[in-house]
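This is what each chain is made of:
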Amino acid sequence: MIPQAAPARRIARFRRQVDEAVAAVLGGEAYVLGAPVEGFEAAFARFCGAGHCVGVASGTDAIALALRALGIGPGDEVIVPALTFAGTAQAVLHCGAQPRLVDVDPRSRCIDPAAAEAAITPRTAAIVPVHLFGHPADMPALTALAGRHGLAVVEDCAQSHGASLGGRPLGSFGNAAATSFYPTKNLGGVGDGGAVTTDDPALAARLRALRYYGFAGPERLSLGIGFNSRLDALQAAILGALLPHLADGNAERRAIAADYRARLDLDGLGLPPEGEGSVYHQFAVTHPRRDALAAHLAAAGIGTAVHYAPGLHRHPAFLEAAAGPLPVTEALSASLLSLPIQPEVAAGAPEAVARALAGFAS
Ligand SMILES: Cc1ncc(COP(=O)(O)O)c(C=O)c1O
């Protein structure tokens, strides 16, 4: 059986490094924030080419706190793609603003800049582009749009650790970038975690206060609203042990993706967009008979997953949130199927999937 993803196999692969990192926290003095979190924040900021990294409790908190630190709140609208994980839009609700769901581009599967522009109202305050499946959204068009309309941009980099566009790291285009270290991510821990990266020191300082009861100095006085949303020290240490292997893992993902491209051949099968900056968080194909294809692959011992169905506009929390028609989101949510791509499980997957597809075709 080839599972769609198996985070425990990555931990097993780097078990010695992870054990050493955990032991260092257990034997150290800081169980909350302190050296383990600061060490990881510095390393992740370097990896992203960002001036600052603030570790928080989850990817959802990272987006919500970034929006809040940018001054977004009640009365504001935030433009979000309809095809993404629910956490992206939940984060908008958390800061008191309203998500406005817009359609995605059929090729990139990321937010369509024209649809985003059509959704702008006098209340629009920000855009949250998602680099879905590790492929870049059209950041030049989106930042130009944001500049014309005075909007903040928070990039959702939960699925794009290490990805770039035109040689420039994703996460460096907007005011801030939010990420998740959920176990299945390209860089994932053994629990929840997230971070915000930014080049803006004042924004980073506001984020540090927001994640820590509103404290901003050694006096530990609450200066305003604050939360308990710190990146856990054990997670930070484990992420720090895995970070030096992230670039190699991304290269392995690209090689598996190339192998899929060379081998997969089936009428009606759509392949993910190509792009040298992609990090293939998922290798998501499309097929008009998606569910039958998933069942066929399962019978052949190949795990798959659907990311994401239905579109967010069909979730009860977001029934009023569509800013316009969403035909591409509808079509993709009915046809996307994520094949195994995690390096620890997927080395032989392209050959196995190709063999199974031959049976599906006949
Ligand atoms: C695109 C995207 N945004 C946001 C999130 C939310 O992150 P978390 O689960 O860490 O809250 C995730 C993943 O979980 C995600 O894939």
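Quick caveat: nothing in here was measured; it's all calculated off a predicted structure.

Here is what the cut-offs are and how they apply
- Residues numbered from 1 in each chain as written.
- Predicted model: local features only at pLDDT ≥ 70, side-chain atom pairs only at ≥ 80, totals over all residues.
- Heavy atoms only, no water.
- Pairing = 2+ DSSP bridges.
- Helix = DSSP H or I, 4+ residues; strand = E, 2+ residues; numbered from the N terminus.
- Axes fitted to C-alpha atoms, helices over the stretch in contact; angles between N-to-C directions.
- Contact = heavy atoms within 4.5 Å.
- Salt bridge = Lys/Arg side-chain N within 4 Å of Asp/Glu carboxyl O.
- Buried < 20%, exposed > 50% of the residue type's maximum accessible area, 1.4 Å probe, protein only.

I'm lost on the sheet that holds strand 1 (residues 52-56) in this one. Help?
The strands making up a sheet are joined through hydrogen bonds of the backbone, oriented either antiparallel or parallel. The sheet built from seven strands is open, its strands ordered 1-9-8-5-4-2-3 with mixed pairing. Whereas interior strands pair on both sides, the edge strands pair on one side only; in this sheet they are strand 1 and strand 3 (98-102). Put simply, the sheet's adjacent strands are angled 25° from each other on average, direction ignored. Where strand 2 (residues 77-81) meets strand 4 (residues 124-127), three bridges bridge the pair, whose relative direction is parallel. Residue E77 lies in a different strand from strand 4, and its bridge partner there is T124. Helix-sheet contacts for helix 3 (residues 34-48) involve strand 1, strand 8 (176-180) and strand 9 (194-198), and the interaxial angle to strand 1 is about 125°. Together, strand 2, strand 3 and strand 5 (152-156) form the strand contacts of helix 5 (residues 86-94), whose direction differs from that of strand 3 by roughly 150°.

Is there a simple way to think about the pattern of salt bridges in this case?
Once their charged atoms are close, side chains differing in charge can pair, the charge on each being opposite to the other. Scanning the model with the defined rule gives twelve salt bridges in all. Between R15 and D19 there is a salt bridge, with its nearest N and O atoms 2.9 Å apart. In this pair, R15 and D19 are both assigned in helix 2 (residues 15-26), four residues apart and thus about one turn of the helix distant. According to the relative accessible area criterion, D19 is partly exposed, its value standing at 38%.

Explain the side chain of S160 here, please?
Examined against the element boundaries, S160 turns out to sit in the loop between strand 5 and strand 6 (164-165). Given the relative accessible area of 2%, S160 is considered buried. With near-sequence residues (within four places) excluded, S160 lies in contact with H131, G134, L170 and V279.

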